[in-house]
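A look at the structure
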Amino acid sequence: MGFQGGVWQVRSGDQRVGEILIDEADFPWLSGSFTPGPAFDTVRDLFARELELVNRLTERDDDKIVDEWEQAYDEIRACVSLSSPDGPVPEFLLHVEDDRAWFRWSDEPFDEEEAEEEQESGG
């Protein structure tokens, strides 16, 4: 699958949270312009909190912050799903800031240690 130019969907149930038009592919990360949808306001604060915690982790590695990040990201995962142009993906790590989104995805569950390392590096 070619990634650049592809449009990925972020949804909450049957509501459109937003679309990501891929303009960069640096495997395993994809990034692109984010266009919010009608349901984005319901998760905007969750994404802002998650990114704030990622940024704090890049400044200071702290188990308490890691725990807070995991809880914040669990809330995001409970609220949204991600679909490639070919359909839903079962596993992803998604960041949204203003009009940009970046994420990694997998057809298989992530190794927890690997996901923690990636989020700590700010993806």
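Residues numbered from 1 in each chain as written. Predicted model: local features only at pLDDT ≥ 70, side-chain atom pairs only at ≥ 80, totals over all residues. Heavy atoms only, no water.

So, the pairing of strand β1 (residues 7-12)
How we decide: Pairing between two strands requires that DSSP report at least two bridges joining them. Only DSSP runs of H or I reaching four residues or more are called helices, and only runs of E reaching two or more are called strands; each is numbered from the N terminus.
The pairing of β1 with strand β2 (residues 15-26) spans 6 bridges and is antiparallel. Residue pairing across strands places S12 opposite Q15, the latter belonging to β2. Here β1 folds back onto β2, and the loop between the two strands holds 2 residues, one of which, G13, carries a positive phi near 65°. Relative to strand β4 (residues 81-84), β1 runs antiparallel, the two sharing 3 bridges. In the sheet register, V10 faces β4, and the bridge partner there is L82.

Quick notes on unusual backbone geometry
The omega torsion across F27 and P28 is 10°, close enough to zero to call that bond cis. Along the polypeptide, P28 turns up in the loop between β2 and β3 (29-36). Positioned with a positive phi, D98 is a non-glycine residue whose angle comes to about 55°. Within the element layout of this structure, D98 appears in the loop between β6 (91-97) and β7 (100-106).

Quick notes on the pairing of β4
With 2 bridges joining them, β4 and strand β5 (residues 87-88) adopt antiparallel strand pairing. Bridge pairing in β5 places S84 opposite G87. Taken together, β4 and the strand that follows it, β5, pair antiparallel across an intervening segment of 2 residues.

Brief notes about the nonpolar core
We count it as follows: As used here, the term nonpolar core means buried Ala, Val, Leu, Ile, Met, Phe, Trp, Tyr and Cys residues forming a set that is joined through side-chain atoms within 4.5 Å. Any residue under 20% of the maximum accessible area for its type is buried, any over 50% is exposed, and the rest in between are partly exposed; the area is computed with a 1.4 Å probe on protein chains only. Any two residues whose heavy atoms approach within 4.5 Å are treated as being in contact.
With 34 residues, the main nonpolar core has W8, I20, L94 and F103 as its most contacted residues. Look past the residues within four positions of L94 in its chain and what remains in contact with it is V10, I20, F47, E50, Y73, A101, W102 and F103.

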